[in-house]
Amino acid sequence: MLSRTADHLFWMARYTERAENTARMLDVRVQYSLMPQSAQAEQQGWRSMLGVSELEAQFEAKYPALTQANVIDFMVRDPDNPSSITSCLRASRENARAVRGSLTTEVWETENTTWLMLQQHLGKRTFEHDPGQFLEWVKYRSHLSRGVTLGTMLQDEAFNFIRLGTFLERADNTARILDVKFRFGAHDAVQAGTQAEFYQLAALLRSVSAFETYRKVYRDAITSKRVAELLILQEKMPRSLVACIAAVVANLKDVRNAQSHDTERLAMELYAMLQSAPIGDILEEGLHAFLTRFLASVDALGNGISRDFLIPIEPVPSEEGQTQSQTQTLGGMTQTQTQTA
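Just so you know, these numbers come straight off a predicted model, no measurement behind them. (Residues numbered from 1 in each chain as written. Predicted model: local features only at pLDDT ≥ 70, side-chain atom pairs only at ≥ 80, totals over all residues. Heavy atoms only, no water.)

Peer 1: Account for the pattern of salt bridges, naming residues and giving values.
Peer 2: Scanning the entire structure with this criterion turns up 27 salt bridges. Arginine 24 is the salt-bridge partner of glutamate 20, the closest N and O atoms lying 2.9 Å from each other. Remark: arginine 24 and glutamate 20 occur in helix H1 (residues 3-33); sequence separation between them is four residues, near one turn of the helix. Accessibility classification places glutamate 20 together with arginine 24 in one group, the buried group. When the shortest N-O distance is used, the salt bridge between lysine 139 and aspartate 27 registers 3.3 Å. Of this pair, lysine 139 sits in helix H8 (residues 131-152) while aspartate 27 sits in helix H1, and the two are 112 residues apart along the sequence. In terms of burial, lysine 139 and aspartate 27 fall into one category: buried. Salt bridges linked by common partners bring Glu17, Glu20, Arg24, Arg146, Arg170 and Arg239 together as one network. (Salt bridge = Lys/Arg side-chain N within 4 Å of Asp/Glu carboxyl O. Helix = DSSP H or I, 4+ residues; strand = E, 2+ residues; numbered from the N terminus. Buried < 20%, exposed > 50% of the residue type's maximum accessible area, 1.4 Å probe, protein only.)

Below, the structure written as structure tokens:
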């Protein structure tokens, strides 16, 4: 497969998954905002969400006040935010359009229809009047795209690169959603075992479609330790970190080439670490420290996949006469700017 085609397929999937996960992070924060809390605690929650997404400075440069309405506008509609839902769905559609010949008609029509329907939602400003309904729509369209891909595409290399993009992005975002809770949850001063903690943890589980799964696995009270264990170490949980990395390992094996050994080894080492890490040891290290280390490994894994399979990054001269990679940062990730329109 041509590296350019692989690049478009990989990023089409990443952007679709990122749009869904941006919706999930917003959804859990909107649910938290419905709970009784001080204005300071609510503002800190929105600030922490922007910080975990590495977008706080960009937001402050454009918006005069940190309010729920402004953050939702920034994360949903703002075309200057590369991780906004609008930016992600536009990029996903453009990547799909560039490789229509490698997709089934159903996959292309799903991507294109999602973009057209988004324009209607933006025109009606549904995300302002009923953010819950709009965010559910974003998640539904991502589910539809994934289902059509699984149900209609030949499971060849094109399929593998789509799956690689999906699971790498999902691993990154599950870790970020967990970090959101445990970072701004600390500022809420919610005591363990209280009703307030239950509602926070339940909202977190629902944000990754894991509330019913938690009940099936544990059949007991919801606790922070068990939530972390489910979303990090439960291999049968589709959005857990270990399940995502297991899928990355499997798809890398199917597309391996002569130069991908180091990337495969990194993926297998990360998978082995997750398989052998008791939740007690993770919490003893500190969940934020563990997730930071995990996100760094996922970033290195994404760079390895780009180096081994996707479009080579061309160095371009900077203003100082040095060279730099022709990439753009996308909420902690990068994509080469060598795509065709």
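That shown, we press on.
Peer 1: Explain the packing of helix H5 (residues 85-98) against helix H6 (residues 105-124) to me, using residue names and the numbers behind them.
Peer 2: Contact geometry of H5 with H6 gives a least axis separation of 9 Å together with a crossing angle of 150°. With respect to H6, the axis of H5 lies roughly antiparallel. Note that H5 runs across H6; the crossing there is left-handed. Here H5 contributes Thr86, Leu89, Arg90, Ser92, Arg93, Ala96 and Arg97 to the contact with H6, which in turn contributes Trp108, Glu111, Asn112, Thr114, Trp115, Leu118 and Leu122. (Axes fitted to C-alpha atoms, helices over the stretch in contact; angles between N-to-C directions. Parallel < 35°, antiparallel > 145°, perpendicular 65-115°, else oblique. Left-handed = near helix turned anticlockwise from the far one by under 90°. Contact = heavy atoms within 4.5 Å.)

Peer 1: Give me the packing of aromatic side chains: which residues, what numbers.
Peer 2: Here the distance between the centres and the angle between the planes together describe a pair of aromatic rings. Tallying each qualifying case throughout the model produces nine aromatic pairs. Between the aromatic rings of tyrosine 63 and phenylalanine 74, the centroid separation amounts to 5.8 Å while the plane-to-plane angle is 80°, which identifies the pairing as edge-to-face. With tyrosine 63 in the loop between helix H3 (56-62) and helix H4 (68-76) and phenylalanine 74 in helix H4, the pair connects residues that are eleven residues apart, well separated along the chain. Grouping residues by exposure puts tyrosine 63 and phenylalanine 74 together as buried. (Phe/Tyr/Trp six-rings, centres within 6.5 Å; stacked < 30°, edge-to-face > 60°.)

Peer 1: Could you give me a rundown of the environment of arginine 146, with the residues and numbers involved?
Peer 2: On the secondary structure map, arginine 146 appears in helix H8. Residue classification places arginine 146 among the buried residues on the basis of a relative accessible area of 18%. With sequence-adjacent residues up to four places away left out, arginine 146 is seen in contact with Glu17, Glu20, Arg163, Thr166, Arg170 and Arg239.

Peer 1: Explain the nonpolar core to me, and be specific about the residues and the numbers.
Peer 2: The biggest cluster of nonpolar side chains holds 104 residues, and the ones touching the most others in it are Phe134, Ile232 and Phe294. Of all the elements, H1 adds the most residues to this core, at 14 residues. Look past the residues within four positions of isoleucine 232 in its chain and what remains in contact with it is Leu178, Ser240, Leu241, Val242, Leu274, Ile282, Leu287 and Phe290. (Core = buried A, V, L, I, M, F, W, Y, C linked by side-chain atoms within 4.5 Å.)

Peer 1: Break down unusual backbone geometry for me, citing the residues and quoting the values.
Peer 2: If a residue is not glycine, its phi is most likely negative; likewise, a peptide bond is most likely trans. Of note in the backbone geometry, arginine 125 takes a positive phi value of approximately 55° without being a glycine. According to the relative accessible area criterion, arginine 125 is partly exposed, its value standing at 29%. The residue serine 209 is not glycine, and still its phi comes out positive at about 55°. Locating serine 209 in the fold gives a position in the loop between helix H10 (195-207) and helix H11 (211-218).

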